[in-house]
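Structure assessment
Here are the chains, one letter per residue:
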Amino acid sequence: MIPLLVFLAACDGGDPPESGCTGACGCEASVDVGGTSYDDDGRPIWVEMPAGSEQTMVHGPQGGWHVLAAARVQGTAEVVSIEYTIEYPAREAQLSYGLFRVMLVAEGECGGYYPSMFGILDVAALAAGDADTPPELLGGEELLLRMDVDDGEGAKASDEVTVVAALDPQDVEDTGDTGAPDSGE
């Protein structure tokens, strides 16, 4: 009963603002698309993913490819739904769709992050002749990574970042290609 009273005391009793704020936090909901790294104990954490940065199309042990991403979320409940999509703007194609219902790793009072989301790449619609894998079709190309967050309590946010698809080192060795555009030299 006491937690309910604390929550009600934080609210002003009016309708929630249009911005998607949550009453207890009093801040606007936001999400930042990021990458995944690891702390000193080997736990996955959110890291910045700058626009235009190279992001590896990881060649998984089961034969598929994925782009690993993470979300940093503020101003929502601690459990959220995250839609993670990857688009290939040059061909107006959606390559990946994932829906994750997760509890955020707490980071401060009104937010947290969720790392290690796999954007599994499906390039079947882009195949041309023998070129039918992500390294052959996407190396060096721009991809749009997008995340839409909804906490089911009225707080929603979106973010996107354009990155360059980089080959997994094992694909560089297999093809001799770096995935970078030809310099013309």
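Residues numbered from 1 in each chain as written. Predicted model: local features only at pLDDT ≥ 70, side-chain atom pairs only at ≥ 80, totals over all residues. Heavy atoms only, no water.

This next bit is on the overall build of the protein chain. Counting secondary structure elements, the protein chain contains 3 helices and 10 strands. Mapped in sequence order, the helices and strands of the protein chain form the string α-β-β-β-β-β-β-β-β-α-β-β-α. Per-residue burial for the protein chain yields a buried fraction of 39% across its 185 residues. Here the protein chain displays about 10,600 Å² of accessible surface, and carbon together with sulfur accounts for 50% of that area. (Helix = DSSP H or I, 4+ residues; strand = E, 2+ residues; numbered from the N terminus. Buried < 20%, exposed > 50% of the residue type's maximum accessible area, 1.4 Å probe, protein only. Areas by Shrake-Rupley, 256 points an atom, 1.4 Å probe, with all protein chains shown as cover.)

Glancing now at the pairing of strand β5 (residues 79-88). With respect to burial, β5 is a largely interior element, 7 of its 10 residues being buried. As paired strands, β5 and strand β6 (residues 93-103) are joined by 10 bridges and run antiparallel to one another. Paired with Tyr 88 across the bridge in β6 is Ala 93. Where β5 folds back on β6, the antiparallel hairpin that results is connected by 4 residues, among which Glu 92 adopts a positive phi of roughly 50°. Pairing of β5 with strand β9 (residues 142-150), which is carried by 7 bridges, proceeds in the antiparallel orientation. The residue of β9 that forms the bridge with Ile 86 is Leu 145. (Pairing = 2+ DSSP bridges.)

Among the nonpolar cores identified, the biggest contains 35 residues, and Leu 95, Leu 138, Leu 143, Leu 145 and Met 147 are the most heavily contacted of them. The residues touching Leu 138, leaving out its near neighbours within four places in the chain, are Met 57, Tyr 88, Leu 95, Leu 121, Val 123, Leu 126, Leu 143 and Ala 165. (Core = buried A, V, L, I, M, F, W, Y, C linked by side-chain atoms within 4.5 Å. Contact = heavy atoms within 4.5 Å.)

This part is about the side chain of Ser 96. Checked against the element boundaries, Ser 96 lands in strand β6. Only 3.0 Å separates the side chain of Ser 96 from the backbone oxygen of Ile 120, close enough to count as a polar contact. Those residues within four positions of Ser 96 in sequence are excluded, and the remaining contacts are Tyr 84, Thr 85, Ile 86, Gly 119 and Ile 120. (Polar contact = N/O pair within 3.5 Å; in protein donor to acceptor, adjacent residues only side chain to side chain.)

What follows concerns unusual backbone geometry. Residue Glu 92 is not a glycine yet carries a positive backbone phi of 50°. Residue placement: Glu 92 occurs in the loop between β5 and β6. Phi angles above zero are rare outside glycine, and Ser 116 is one such case at about 60°. Its place among the elements puts Ser 116 in strand β8 (residues 111-120). Given a relative accessible area of 24%, Ser 116 falls into the partly exposed group.

Attention now moves to the confidence of the model for the protein chain. Model confidence for the protein chain is summarised by a mean pLDDT of 86, while 79% of its residues fall at 70 or above. Scored below 50 in pLDDT, residues 1-23 shows 19 contacts in the model against residues more than four places distant or in partner chains. (pLDDT = per-residue confidence, 0-100.)

This part is about the environment of Leu 95. Tracing the backbone through its elements, the reader meets Leu 95 in strand β6. Judged by relative accessible area, Leu 95 falls into the buried class, the value being 3%. Distance in space between the C-alpha atoms of Leu 95 and Ile 120 is 7.8 Å, their sequence separation being 25 residues. Those residues in contact with Leu 95 that sit more than four places away from it in its chain are Ile 86, Glu 87, Tyr 88, Ile 120, Leu 121, Asp 122, Val 123, Leu 126, Leu 138 and Leu 143.

What follows covers the pattern of salt bridges. Applying the stated criterion to the full structure yields 6 salt bridges. In this structure, Arg 146 engages Glu 160 in a salt bridge whose closest nitrogen and oxygen atoms are separated by 2.9 Å. Of this pair, Arg 146 sits in strand β9 while Glu 160 sits in strand β10 (residues 156-167), and the two are 14 residues apart along the sequence. Using a relative accessible area of 26% as the deciding quantity, one classes Arg 146 as partly exposed. Linked by salt bridges that have partners in common, Asp 39, Asp 41 and Arg 43 make up one network. (Salt bridge = Lys/Arg side-chain N within 4 Å of Asp/Glu carboxyl O.)

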